[in-house]
Amino acid sequence: MKAAILEGAQDARIHEVPEREPGPGQVKVRVEWAGICGSDLALYQYFPVPNEYVHPLFGEHGPHGFGHEFSGRIEAVGDGVTSLAPGDLVAVRPNVWDGTCPACLRGEPNLCAEFGFIGINGGGGGFSESVVVGADAAHPFPEELGAEAGAMVESTSVAWHAAKVSEAGQGDVALVIGGGPIGLGLLLCLRARGVERVIVSEPSPSRRELAAALGADAVDPTSADLAAHVAEATGGAGVDVAFDASGVGQATYDTAFAALRPGGVNVVVAQFHGPVSVDLNSYLMSEKNLVGSFAYTDEDFSEVIAEMAAGRIDPRPLISSRIGLDHLVDAGIEHLLGGGRNTEVKILVSPAL
Ligand SMILES: [Zn+2]
């Protein structure tokens, strides 16, 4: 089968590789759609996981298959799998954890010391024709929503988890910095949780237009006075929750901190590529909170599918382009690292196109 393999920095290639077959408790998924994630761009640019590294749970050295946001249909099931059958549409939760460490035992598997991703640490990848995963990772997905929406569950779960971490709810005002897949996913998740006013700060006109169409109070931070906008929206109080989904750095950290009301929560949900300076005294009398949000749990993944099935979250408007697997690098990754970052939100890749 055809599969994208990330060989090194700026080096992803489509190879012909043997298909894997499901062992006991596993299923083979014929991939329909796989999304390109911001973390895929960082993996491609910086290649932080060396090929010699063997993840303890996957037990494979690199180079690995690529792509971790994917949906598809069950093609075959291994021994002992009774919950899924060939033809079923599934959204795959692409994570592994050990299930035995203190974090796992606390119910926080996303904080497991051995947390890993199919498509990053081993196990093949979504940018391929088929992937073998544990049956528990293949979540049945509503046929009427379709495989494209199924490929959006993973990135939406990142946003859902961050929205839960913030504890934002009805009556709160939120600031989301960055209108990419996670920022706009946050907009959808926050609104599903009853947060009516979500200010999205995003310099790209097309992303801002989409944010506004999805119900955001969309602001261009390069031309508008965001602080004045926040003051107007909150009667001078400041926002209850802020999310940095941009990863820009000091400027966006400072903006989020200044926008936040005393006691408010600032959630870091983006990957930053350098340190940010934090004045601890600024937290003392304000009782503001700075918290991280990483990935999601299996429960988050199930909740997102339930929200989609109930019609409370529809991530499909975030899909901006659909490309074939052969064009993953030129029309997908290189495009997003270039001018595409201002026009695209989520690019989906299909091995069938
Ligand atoms: Zn663990």
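For every chain, the first residue of the written sequence is number 1, and numbering continues from 1 along that sequence. Where totals are concerned, whole chains, interfaces and linings use all residues; where local detail is concerned, this predicted model gives features only for residues with pLDDT of at least 70, and gives and counts side-chain atom pairs only at 80 or more. Only hydrogens and water are set aside; all other atoms, that is, all heavy atoms of the structure, feed into the side-chain values.

### Description of helix H1 (residues 38-46)
Here comes step 1: Only protein chains enter the calculation, and the probe is 1.4 Å; a residue is then buried if its accessible area is under 20% of its type maximum, exposed if over 50%, and partly exposed in between. Here a helix means four or more residues in a row that DSSP labels H or I, a strand means two or more in a row labelled E, and each is numbered from the N terminus. Along H1, the positions that sit buried rather than exposed are Asp40, Leu41, Ala42, Leu43 and Tyr44.
Here comes step 2: Any pair of residues with heavy atoms lying within 4.5 Å of one another is described as a contacting pair. Structurally, H1 contributes buried residues whose contacts are with strand S1 (2-8), strand S2 (11-16), strand S3 (26-35) and helix H11 (328-337).

### Overview of the coordination of the zinc ion
Here comes step 1: Atoms of type N, O and S within 2.8 Å of a metal are treated as its donors, and for Na, K and Ca the window is 3.2 Å; water is not considered, so some sites may appear to be missing partners. For the zinc ion, the full set of protein donor atoms is Asp98 (OD), Cys101 (SG), Cys104 (SG) and Cys112 (SG), at a range of 2.1 to 2.4 Å.
Here comes step 2: Coordination at the zinc ion comes from 4 donor atoms whose angles at the metal span 99 to 117°, giving a geometry best classed as tetrahedral.
Here comes step 3: Mapping the donors of the zinc ion onto the primary sequence yields the spacing D-x2-C-x2-C-x7-C. Accessibility classification places cysteine 101 together with cysteine 104 in one group, the buried group. In these descriptions, tetrahedral denotes four donors with every angle between 85 and 135 degrees, square planar four donors and octahedral six donors with opposite donors over 155 degrees apart and the rest between 65 and 115, and irregular any other case.

### Concerning the pairing of strand S14 (residues 239-244)
Here comes step 1: In terms of burial, S14 is a largely internal element, 6 of the 6 residues being buried.
Here comes step 2: Any two strands between which DSSP finds at least two bridges are classified as paired. In this structure, strand S11 (residues 173-177) lies alongside S14, joined through 4 bridges in parallel fashion. Across the sheet, residue alanine 174 finds its bridge partner in S14, namely valine 241.
Here comes step 3: Sheet analysis places S14 next to strand S15 (residues 260-268), joined by 5 bridges and oriented parallel. Residue pairing across strands places alanine 242 opposite asparagine 266, the latter belonging to S15.
Here comes step 4: Each parallel crossover has a hand, and the one from S14 via helix H8 (residues 250-259) to S15 is right-handed. For a crossover, the right-handed case is the one in which the path from the first strand over the helix to the second runs clockwise, viewed with the strands pointing away from the viewer.

### Overview of the packing of helix H4 (residues 153-166) against helix H5 (residues 181-192)
Here comes step 1: Direction vectors running N to C along H4 and H5 enclose 55°, while the axes themselves pass 8 Å from each other. On the basis of the axis angle, H4 is oblique to H5. Of the two elements, H4 crosses H5, and the hand of that crossing is right-handed. Residues Ser155, Thr156, Val158, Ala159, Trp160, Ala162 and Ala163 of H4 touch H5, and the partners they reach there are Ile182, Gly185, Leu186, Cys189, Leu190 and Ala192.
Here comes step 2: Polarity classes work like this: nonpolar for Ala, Val, Leu, Ile, Met, Phe, Trp, Tyr, Cys and Pro, charged for Asp, Glu, Lys and Arg, and polar for all others, with Gly in that last group. Among the residues making up the contact of H4 with H5, the classes are represented as 10 nonpolar, 3 polar and no charged. For helices, the fitted axis covers only the stretch in contact; all axes are lines through C-alpha atoms, and the angles between them, taken along N-to-C directions, range from 0 to 180 degrees. Between 65 and 115 degrees an angle is taken as roughly perpendicular, under 35 as roughly parallel, over 145 as roughly antiparallel, and anywhere else as oblique. For any helix crossing, the convention is left-handed if the near helix is rotated counterclockwise from the far helix by under a right angle, and right-handed if that rotation is clockwise.

### What to know about empty space enclosed by the protein
Here comes step 1: Using only the protein atoms, space was sampled on a 1 Å grid; points where a 1.4 Å probe fits but cannot get out form cavities, open sets with protein on both sides within 12 Å along at least five of seven lines form pockets, and lining residues are those with an atom within 4 Å of a point. Grid points are joined across faces, edges and corners, and a volume is the space filled by probe spheres set on the points. As enumerated under the stated definition, the model contains 1 cavity of 30 Å³ or more in all.
Here comes step 2: Approximately 100 Å³ is the volume attributed to the largest cavity.

### Here's the deal with the domain arrangement of the protein
Accessible area lost upon the coming together of the parts is a frequently used measure of interface size.
Here comes step 1: Each domain span listed reflects an automatic or database assignment of domains. Looking at the protein, the domain boundaries give domain 1 (2-152 + 315-350) and domain 2 (158-292).
Here comes step 2: Relative placement of domain 1 and domain 2: their C-alpha centres are 28 Å apart.
Here comes step 3: Around 930 Å² of area is buried between domain 1 and domain 2 when both sides are counted, 64% of it from carbon and sulfur atoms.
Here comes step 4: For domain 1, the biggest contributors to the area lost against domain 2 are Leu318, Asn342 and Val345; these three give 46% of the whole.
Here comes step 5: Each salt bridge in this description consists of a side-chain nitrogen of Lys or Arg and a carboxyl oxygen of Asp or Glu lying within 4 Å of one another. Across the domain 1-domain 2 interface, the total number found is 0 salt bridges.
Here comes step 6: The definition of a polar contact used here is a pair of N or O atoms within 3.5 Å, where within protein one atom must be able to donate a hydrogen and the other to accept one, and adjacent residues in sequence count solely through side-chain atom pairs. Our count for the domain 1 to domain 2 interface comes out at 5 residue pairs in polar contact (both at pLDDT 80 or more).
Here comes step 7: Partitioning the side of domain 1 that touches domain 2 into residue classes produces 6 nonpolar, 4 polar and 3 charged. Two parts placed together each lose some accessible area under a 1.4 Å probe, and the buried area is that loss summed for both.

### Quick look at the packing of H1 against H11
Here comes step 1: Taken N-terminus to C-terminus, the directions of H1 and H11 make an angle of 90°; their axes are 10 Å apart at the nearest point. Put simply, H1 runs roughly perpendicular to H11. Within the contact between the two elements, H1 uses Leu41, Tyr44 and Gln45 and H11 uses Val329, Ile333, Glu334, Leu336 and Leu337.
Here comes step 2: Here the residues of the contact of H1 with H11 are counted per class, giving 6 nonpolar, 1 polar and 1 charged.

### Some points on the pairing of strand S17 (residues 319-324)
Here comes step 1: Pairing between S17 and strand S18 (residues 346-350): 5 bridges, direction parallel. Looking at the pairing, glycine 324 lines up with serine 350 of S18.
Here comes step 2: On the question of chirality, the crossover connecting S17 to the parallel S18 by way of H11 is right-handed.

### What about a nonpolar patch on the surface?
Here comes step 1: Together, Val278, Leu280 and Leu290 make up a nonpolar patch on the protein surface, roughly 270 Å² of accessible area in all.
Here comes step 2: Along the chain, leucine 280 turns up in the loop between S15 and helix H9 (281-284).
Here comes step 3: Residue classification places leucine 280 among the exposed positions, given a relative accessible area of 66%. Residues enter patches when their relative accessible area tops 30% and they take part in no salt bridge; the joining distance is 9 Å for like charges and 5 Å for the nonpolar side chains Val, Leu, Ile, Met, Phe, Trp and Tyr. Accessible areas in this description were obtained via Shrake-Rupley with a 1.4 Å probe; residue shielding takes into account the shown protein chains only.

### Brief notes about the state of the cysteines
Linking two cysteines covalently through their sulfur atoms gives a disulfide.
Here comes step 1: Sulfur atoms of two cysteines make up a disulfide when they are within 2.5 Å. Counted by the stated rule, this structure contains 0 disulfides.
Here comes step 2: Unpaired in this structure, cysteine 37 has its nearest cysteine sulfur neighbour in cysteine 189, at a distance of 15 Å.
Here comes step 3: Under the relative-accessibility criterion, cysteine 37 is labelled buried at 15%.

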